[in-house]
Amino acid sequence: MRPPTHRRFGLFTARKLLATTLIVVAVAGVISPTSATGAWFTDAKSVPGNSLTSATLDAPRNFRNTWSSSSGNTLSWDSATSQAWATANNVTSGITYRVTRHVGSYPAKDLYTGSDTSFTDPNPRGRNLRYSQVSAGQKHTLAIDENGYIWAWGYNGKGAFGDGTTTSTDTPQKTVLPTGRTAIQIATGNMWSAALLDDGTVWTWGYNVGNLGIGNTDNQVLPQLVEFPNGVRITSLGQILGDSQTMFVIDQNGAVWDWGMNDRGQLGDGSTNNTTRPHVIPDLRVRYLSSMGAHVIAEGTDGSVWSWGDGSDGQVGDHRYQQRLTPYRVAMPSAAGRVEQVSSGGTYSVVLDSNGAIWMWGSIKVGASSQLDPTAISTPRLPSGVQAAQVATGPDMPTANPSYFIPSVLIGLSNGAMLQYDIDDDNGVLRYNLVLDGHFITELSVGGAERVARTTDQSTSGLYFWTISSSGKQSDAGVVWSPVICPYMTRKASDGSCVWDGQLSYSVDYQYGPWRSDYSGLVL
């Protein structure tokens, strides 16, 4: 019978202060051969051809750590082939080591399995989550983290977080996704949310007037599956902006499926009837779609521009001030380059072309009649080689005159800076704005009064938020909130960074054949 083993960590803790290198000594339990036979292997655990009869594998020896600010914790240990059981039995290979990270009372996580006698943990101190997408809704915000999980914050009175509650908070809450699933795209409307998951399914939750697409109008505090006909595979979500209560998705063939409110013909089916289940818009194939309120604009698979729904401000582009119940092909000027992005502003439309030009129509100028044809918008002089690379639109912004509003437009530039629409003597003008100078912008999103930028900044979560003033001034507002959102097993420190939520320690053990050793541990 194998003698009992006692697993324990090192008996003391060493912390890195100002030095760049930290060495931690570990105490490992050494188990001797059985006193009865002096052998390492039992009959029940014999090695073929080995004359010994009992076994206890010693823990790895000299387990140590070296810290580097550039790479992390490098853990190393002596090869088990130098131990008595191995040398006595000519074991020189076939040993597999395992390194495990422990944080407080959280479940341990295996970091490494292999034959090497060292391993570097690149994330030794906890860190801020990075994000792959952010979407600002009318009253709440969603973000997908680098692991594919969804986080939500803001107003949750109708269940837009998808966390099973209706509790509102500025502290990000994790959306409850189906077990084993992760998100690849998100969309946010007026107090509701949607996600496309890694298995191609679409889930919705929150406020429901049919926009959840689940066959009823009951609010949902947890994600609900949207069902499509057999053979339909959804590949992307439409961009849902502002107070929209209509949902759009695109399938593998470019067909548009939609559901929800249809009071202005935004479902594009020729009627104004609402629906609570997905249906397809006939004879339309698109690459990208954007919707705000009751107005929709889409980029066709052939580079064409289509628009429908609310047209009361000329935003459809059909030279009328009426709603359009089916998609209308907008005639772009011959000077326009290839369409790169379209975006709905509710009362206006925006197209970004391959030349970096911004084309707008609808209600785009304070106190003036709507522009019925796509018009190139003048931009301030930009640095050499810099042009518009992305555009984000939101609800109209107020001006000093309560009767006037201007478009809410952010334009991301190829140098990582941005342009913002602003007020100048009660007129809308684009200003070159470096409010995020030094943080390269990769994504922009506009909610109600809130603007969100996702950046390459490595010192925080990379998300930056700012708001407009009551008079529409946003250039002078600056960044007022740069949230740090900490991942599982970490907490926010007093300096705003993320640190482990408990004592950090490591252990290492190994396996030879069917037998596993005792382990050595160290505490940092």
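Residues numbered from 1 in each chain as written. Predicted model: local features only at pLDDT ≥ 70, side-chain atom pairs only at ≥ 80, totals over all residues. Heavy atoms only, no water.

### Re the overall build of the protein
So, point 1. Of the regular secondary structure elements, the protein holds one helix and 37 strands.
So, point 2. Looking at the protein alone, contacts between residues at least 24 apart form 51% of all its contacts between residues at least 6 apart. (Helix = DSSP H or I, 4+ residues; strand = E, 2+ residues; numbered from the N terminus. Contact = heavy atoms within 4.5 Å.)

### Concerning the nonpolar core
So, point 1. Membership of the largest hydrophobic core comes to 27 residues, with the highest contact counts inside it found for V202, F228, M247, V249 and W308.
So, point 2. Broken down by secondary-structure element, the contributors of at least two residues to this core are β11 (192-197), β14 (234-237), β16 (246-251), β17 (255-260), β18 (275-292) and β19 (295-300).
So, point 3. The residues touching V202, leaving out its near neighbours within four places in the chain, are A195, L196, Q224, L225, V226, F228, I234, L237 and V249.
So, point 4. Counting residues in hydrophobic clusters, the runner-up holds 24 residues, among them W85, A86, F119 and Y512. (Core = buried A, V, L, I, M, F, W, Y, C linked by side-chain atoms within 4.5 Å. Buried < 20%, exposed > 50% of the residue type's maximum accessible area, 1.4 Å probe, protein only.)

### So, the pairing of strand β20 (residues 305-309)
So, point 1. With respect to burial, β20 is a largely interior element, four of its five residues being buried.
So, point 2. In this sheet, β20 lies alongside β19 in antiparallel orientation, the contact comprising five bridges. Bridge assignment links E299 to a residue of β20, and that residue is V305.
So, point 3. A loop of four residues connects β19 with β20, the two strands running antiparallel in sequence, and G303 in this loop sits at a positive phi of about 90°. (Pairing = 2+ DSSP bridges.)

### Thoughts on unusual backbone geometry
So, point 1. The backbone of N62 sits at a positive phi, close to 60°, despite the residue not being glycine.
So, point 2. Relative to the helices and strands, N62 resides in the segment before β1 (64-68).
So, point 3. A residue is classified by how much of its surface remains accessible, and N62, at 46% relative accessible area, is partly exposed.
So, point 4. The backbone of H319 sits at a positive phi, close to 65°, despite the residue not being glycine.
So, point 5. With respect to the helices and strands, H319 occurs in the loop between β20 and β21 (324-330).
So, point 6. Its relative accessible area of 47% is what places H319 among the partly exposed residues.

### Points about the sheet that holds strand β6 (residues 131-136)
So, point 1. Overall, antiparallel pairing links the four strands, which are arranged β6-β7-β8-β9 in an open sheet. In this open sheet, the two edge strands, each paired with only one partner strand, are β6 and β9 (169-174). Within the sheet, the average angular offset between the axes of one strand and its neighbour, ignoring direction, is 20°.
So, point 2. For strand β7 (residues 140-145) and strand β8 (residues 150-154), the ladder comprises five bridges, and the chain directions are antiparallel. Looking at the pairing, H140 lines up with G154 of β8. (Axes fitted to C-alpha atoms, helices over the stretch in contact; angles between N-to-C directions.)

### Looking at the pattern of salt bridges
As a working rule, side chains carrying opposite charge can pair if their charged atoms are close by.
So, point 1. Counted by the stated rule, this structure contains 15 salt bridges.
So, point 2. A salt bridge links D199 to R181; its shortest N-O distance comes to 3.7 Å. A residue pair is termed long-range when its members are at least 10 positions apart, and D199 in the loop between β11 and β12 (202-206) and R181 in the loop between β9 and β10 (183-188) qualify at 18 residues.
So, point 3. Assessed through its relative accessible area of 29%, R181 is described here as partly exposed.
So, point 4. Between E443 and R454 there is a salt bridge, with the nearest N and O atoms lying 2.7 Å from each other. Taken together, the residues span a long stretch of sequence, with E443 in strand β30 (residues 441-446) and R454 in strand β31 (residues 450-455) at a distance of 11 residues. Of the two residues, E443 and R454, both sit in the buried class.
So, point 5. Overlapping salt bridges bring together R98, D509 and R516 as one network. (Salt bridge = Lys/Arg side-chain N within 4 Å of Asp/Glu carboxyl O.)

### Structural notes on the side chain of N190
So, point 1. Locating N190 in the fold gives a position in the loop between β10 and β11.
So, point 2. According to the relative accessible area criterion, N190 is buried, its value standing at 14%.
So, point 3. Apart from the residues within four sequence positions on either side, N190 is in contact with Q138, Y207, G242, D243, S244 and Q245.

### Looking at the packing of aromatic side chains
So, point 1. Tallied over the full model, the rule gives eight aromatic pairs.
So, point 2. Between W85 and Y512, the ring centres sit 5.4 Å apart and the planes meet at 50°, which makes this aromatic pair tilted. Taken together, the residues W85 in helix α1 (residues 84-88) and Y512 in strand β35 (residues 504-512) connect sequence positions 427 residues apart. One exposure class covers both W85 and Y512, and it is buried.
So, point 3. With a centroid separation of 5.4 Å and an interplanar angle of 25°, the aromatic rings of Y112 and F119 are classed as stacked. For the pair shown, Y112 and F119 are each scored as buried.
So, point 4. Aromatic ring contacts, followed pair by pair, group F63, W77, W85, Y97, Y510 and Y512 into a single cluster.
So, point 5. Its end group placed over the ring of Y155, K139 keeps NZ or CZ at 5.4 Å from the ring centre. (Phe/Tyr/Trp six-rings, centres within 6.5 Å; stacked < 30°, edge-to-face > 60°. Lys NZ or Arg CZ within 6 Å of the ring centre and 35° of its normal.)

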